[in-house]
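# A closer look at the structure
Here is what each chain is made of, one letter per residue.
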Amino acid sequence: MSSMTWMVRLEEQIIDFFRQGKALTAESALAPPAWRSRTERQMFARFVRKRALVATGDGRYYLDEGRWVEYSKRRWGALYIYIAVVVIVVIALIILIP
């Protein structure tokens, strides 16, 4: 499994924890589990910073679906730009190298 696939799955697992628990409002917020890895903790912290996961102040969090969708679109948009640049560079190298 590629590292990109692994990272996407990990993100989905974190977000799905809150979706499946129906933690979509402050009233239904959940305490996060003990994340197993440093990567999970870092992703969780990033989602909180980006406000896709919102803290209620008592150690619980809920998923803000609108902000999650915005975050996902921005992230995928940046990835598409990166891929386009790589493709352009590869094509330029193919053309320029005799």
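A brief look at the structure comes next.

Conventions we followed
Residues numbered from 1 in each chain as written. Predicted model: local features only at pLDDT ≥ 70, side-chain atom pairs only at ≥ 80, totals over all residues. Heavy atoms only, no water. Phe/Tyr/Trp six-rings, centres within 6.5 Å; stacked < 30°, edge-to-face > 60°. Helix = DSSP H or I, 4+ residues; strand = E, 2+ residues; numbered from the N terminus. Buried < 20%, exposed > 50% of the residue type's maximum accessible area, 1.4 Å probe, protein only. Salt bridge = Lys/Arg side-chain N within 4 Å of Asp/Glu carboxyl O.

This model, assessed by the stated rule, comprises eight aromatic pairs. With centroids separated by 5.7 Å and ring planes inclined at 75°, the aromatic side chains of Phe 47 and Tyr 71 adopt a geometry described as edge-to-face. Of this pair, Phe 47 sits in helix 2 (residues 38-49) while Tyr 71 sits in helix 3 (residues 65-96); the two residues are 24 residues apart in sequence, bridging distant segments of the chain. For Phe 47, a relative accessible area of 0% gives the class buried. Grouping aromatic residues by their ring pairs yields a cluster made of Phe 17, Phe 18, Trp 35, Phe 44 and Tyr 61.

We now examine the pattern of salt bridges. As enumerated under the stated definition, the model contains six salt bridges in all. As a salt-bridge pair, Glu 11 and Arg 46 come within 3.3 Å of each other at their nearest N and O atoms. Of the two residues, Glu 11 sits in helix 1 (residues 3-20) while Arg 46 sits in helix 2, which places them 35 residues apart along the sequence. Given a relative accessible area of 6%, Glu 11 falls into the buried group. Taking the relative accessible area as the measure of exposure, Arg 46 reaches 25% and is therefore partly exposed. Among the ionic pairs, Arg 36 bridges to Glu 40, the shortest N-O distance being 3.3 Å. Judged by its relative accessible area of 69%, Arg 36 falls in the exposed class.

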